[in-house]
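# Structural characterization, general
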Amino acid sequence: MQIILLSGGSGKRLWPLSNEIRSKQFLKVVRNESGEVESMLQRVYRQLSDAGLGKDVTIATGETQVESIQNQLNGQVSIVVEPERRNTFPAILLAAAYLYFEKKCDPSETVVILPVDPYVDQAYFRLLKELDKAAQANLSDIVLMGVKPTYPSEKYGYIIPEDRETPVSRVLEFREKPDAQTAQGFIDKGGLWNCGVFALKLSYLMEFVKRAGSSYEEVADGYSGFERTSFDYAVVEKADSVSVIRYEGEWKDLGTWNTLTEVMDETPIGDVQIADSCINTHVINELELPMVVMGVKDMVVAASPDGILVADKEQSSYIKKYVEDRDMRPMFEERSWGEYKVLDYSVGEDGTKVLTKRKKIQKGRSIAYQSHQSRMEVLAVISGKCAITIDGCTYEAGAGDAYTVSVGAKHGLDAVTDVELIEIQVGEELIKDGTELDEK
């Protein structure tokens, strides 16, 4: 059995902690059974591994999320990079092309596709093996996982099983995100929420893939030609035969602040003082400024380099429309070598741009040799020890040392210990240009 995890998201619903690069699946705000903080991505991969399914995992994602995945999973999974964002249908076909053409998987093997961020118990992952058995038994072209609804939600697709009593049933009807009144009608018929889990043979997926190309490279090159739509609409709703297996365990979509705070063990996170007069209030502070919260009820307060949110928990689920048009670069990123925060950005009267970052580089990691043709940099070490190389000369650097990197100078860094430094970029353009190497 091959597992495909879908990792996407624009990072709007959990703003300001999430952004286009640090989507909700990378946020470390939930503790596991051992009391350790982990992200939703790390939680799902741990649960897959505990179920004996961690070996053959491929994650389909965009380029901006690759380093976060590598950082959090230490290179334990295969990654398929979408050339552009085009919804789940193209992403799944690209991943299937990778399994068939690059990984040389048997076409008769089962592929189970699931989102990267469900909040579920271990029974969910044990059930994936039952989906595999159903697919191998040719029960139907596609096997879904469904969970009993708790209310008529408009956020989920609905599955109407032929048999309301048996754990496995043929599907009579499948509808994606109906209105509340229609959803209630589906629930009355024994409808199940669609968990976004699909099991089918690789050969079934390849019928779609081979229309786009006869190699992985051809499929990737023609990616922009794929219909921009979901796998549910393009494949599941049009399939000749679909079955569903019931999942009876815990299942939550932690896609909003309201649902995320339901599973957070800690009320304040970061430099926060929260008064006893606060009721059902969660506060997260990623800024290096103290925060005091007093006398509020049913609130979520979140502060990061990207912005500050103060919202009633119920109202917080509507945040997307207030931030989706904000065209701002992410102010926090995880990279293969560590992470950084943007401290300041300004543009002078002459058009000169100045960007100040605080970088944390992990011990033993490196920022690769690179150069920039449109900016100079100042590197000031705050703590730790590192080797900074500029145009072939290597300097042993520690706290208080500062170096200027001229425009066009080749430079790199190797962290001897964990290192923190301030990087000031000055120039006409501060984006990656044609001569800059990836910072890996």
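The following refers to the structure shown. (Residues numbered from 1 in each chain as written. Predicted model: local features only at pLDDT ≥ 70, side-chain atom pairs only at ≥ 80, totals over all residues. Heavy atoms only, no water.)

Where strand β9 (residues 158-161) lies against strand β10 (residues 168-175), four bridges are found, and the strand directions are antiparallel. In the strand pairing of β10, I159 is matched with F174. Between β9 and β10, which follow one another and run antiparallel, lie six residues. (Pairing = 2+ DSSP bridges. Helix = DSSP H or I, 4+ residues; strand = E, 2+ residues; numbered from the N terminus.)

Burial runs high along helix α2 (residues 66-73): seven of the eight residues are buried. Three or more residues of α2 are buried, namely V66, E67, S68, I69, N71, Q72 and L73. Buried positions along α2 lie against α1 (40-50), β4 (57-62), β5 (78-82), β20 (332-335) and β21 (338-347). Note on α2: the residue one or two positions beyond its end, N74, has a positive phi of about 55 degrees. (Buried < 20%, exposed > 50% of the residue type's maximum accessible area, 1.4 Å probe, protein only. Contact = heavy atoms within 4.5 Å.)

Let's shift gears to the packing of α1 against helix α4 (residues 122-136). For the pair α1 and α4, interaxial distance at closest approach is 9 Å and the crossing angle is 55 degrees. One element, α1, and the other, α4, form an angle in the oblique class. Between α1 and α4 lies a crossing of right-handed hand. The segment α1 lies against α4, with V44, Q47, L48 and D50 engaging Q122, F125 and L128. Residue classes in the contact of α1 with α4 are distributed as four nonpolar, two polar and one charged. (Axes fitted to C-alpha atoms, helices over the stretch in contact; angles between N-to-C directions. Parallel < 35°, antiparallel > 145°, perpendicular 65-115°, else oblique. Left-handed = near helix turned anticlockwise from the far one by under 90°. Nonpolar A, V, L, I, M, F, W, Y, C, P; charged D, E, K, R; others polar.)

With that out of the way, let us pick up the environment of K252. Note that K252 resides in strand β13 (residues 251-253). Distance from K252 to K353, taken between C-alpha atoms, is 44 Å for residues 101 residues apart in sequence. Once you skip the residues sitting within four places of it in the chain, K252 turns out to touch P118, Y119, E262 and V263. Only 3.5 Å separates the side chain of K252 from the side chain of E262, close enough to count as a polar contact. (Polar contact = N/O pair within 3.5 Å; in protein donor to acceptor, adjacent residues only side chain to side chain.)

In this section: the packing of aromatic side chains. Each aromatic ring pair is characterised by the separation of its centres together with the angle its planes make. Considering all chains together, one arrives at 15 aromatic pairs under this definition. With a centroid separation of 4.7 Å and 65 degrees between ring planes, the pair formed by Y156 and W193 is classed as edge-to-face. Linking Y156 in the loop between β8 (142-147) and β9 with W193 in strand β11 (residues 192-201), this pair joins segments that are 37 residues apart in sequence. Neither residue differs from the other here; Y156 and W193 are each classed as buried. Aromatic pair Y156 and W251: ring centres 5.2 Å apart, planes at 65 degrees, arrangement edge-to-face. Here W251 lies in strand β13 and Y156 lies in the loop between β8 and β9, a separation of 95 residues in the sequence. When sorted by exposure, Y156 lands in the same class as W251, which is buried. An aromatic cluster of three or more residues is present, and its members are F89, Y204, F208, Y223 and F226. Directly above the ring of Y340 sits K357, whose terminal nitrogen or CZ lies 4.0 Å from the centroid. (Phe/Tyr/Trp six-rings, centres within 6.5 Å; stacked < 30°, edge-to-face > 60°. Lys NZ or Arg CZ within 6 Å of the ring centre and 35° of its normal.)

The grouping of E102, E217, E218 and D221 at the surface amounts to a negative patch. Sorting elements by how many residues they give to the negative patch places helix α7 (residues 216-221) first, with three residues. A relative accessible area of 43% places E217 in the partly exposed class. (Patch = residues over 30% accessible without salt bridge, like charges linked within 9 Å, V, L, I, M, F, W, Y side chains within 5 Å. Areas by Shrake-Rupley, 256 points an atom, 1.4 Å probe, with all protein chains shown as cover. Salt bridge = Lys/Arg side-chain N within 4 Å of Asp/Glu carboxyl O. Lys, Arg positive; Asp, Glu negative; His and termini not counted. Charge placed at Lys NZ, Arg CZ, Asp CG, Glu CD.)

Evaluated as defined, the whole model comprises 17 salt bridges. In this structure, R31 and E266 form a salt bridge, with 2.9 Å as the shortest nitrogen-oxygen distance. Remark: E266 occurs in the loop between α9 (257-261) and β14 (268-270) and R31 occurs in strand β2 (residues 30-31); sequence separation between them is 235 residues. Between E84 and R86 there is a salt bridge, and its shortest N-O distance comes to 2.9 Å. By relative accessible area, which is 30% here, E84 ends up partly exposed.

Our next topic: the nonpolar core. Formed by 43 residues in total, the largest nonpolar core has its most connected members in I113, I142, L144, L205 and F231. Considering each element in turn, this core owes the most residues, 11 residues, to helix α3 (residues 88-102). Counting residues in each nonpolar core, the second largest holds 39 residues, with V44, L114, A183 and Y247 among its members. (Core = buried A, V, L, I, M, F, W, Y, C linked by side-chain atoms within 4.5 Å.)

Of the strand pairs in this sheet, strand β22 (residues 353-361) and strand β29 (residues 419-427) are connected by nine bridges, and their pairing is antiparallel. Bridged to I361 within β29 is V419. Two strands pair when backbone bridges link them, and strand β24 (residues 375-383) and β29 are joined in this way by eight bridges, in the antiparallel orientation. Counted as the bridge partner of L379 is E423 from β29.

Here we take up helix α5 (residues 180-188). Capping the start of α5, D179 holds a side-chain oxygen 3.2 Å from the backbone nitrogen of Q181, two or three residues further along. Once α5 finishes, G190 follows within two positions and takes phi at roughly 90 degrees, a positive value.

Read from one edge to the other, the open sheet built from four strands follows the order β14-β16-β18-β19, with strand pairing classed as mixed. Bordering the open sheet on either side are β14 and β19 (307-312), each of which pairs with just one other strand. Looking at each pair of strands side by side, their axes are set apart by 0 degrees on average, direction ignored. Judged from the six bridges that link them, strand β18 (residues 299-304) and β19 form a sheet pairing that is antiparallel. Considered in β19, the bridge of A302 is made with L309.

Attention shifts here to the sheet that holds strand β25 (residues 386-390). By way of backbone hydrogen bonds, the strands of a sheet pair with one another, either parallel or antiparallel. Across the sheet, four strands lie side by side as β23-β28-β25-β26; this open sheet has antiparallel pairing. Taken across any chain shown, the strands that pair with only one partner, and hence form the sheet edges, are β23 (366-370) and β26 (393-397). Shown here is a sheet whose adjacent strand axes are inclined to one another by a mean of 20 degrees, direction ignored. One ladder, built from five bridges, connects β25 with strand β28 (residues 411-415); its direction is antiparallel. Looking at β28, one finds that A387 is bridged to D414.

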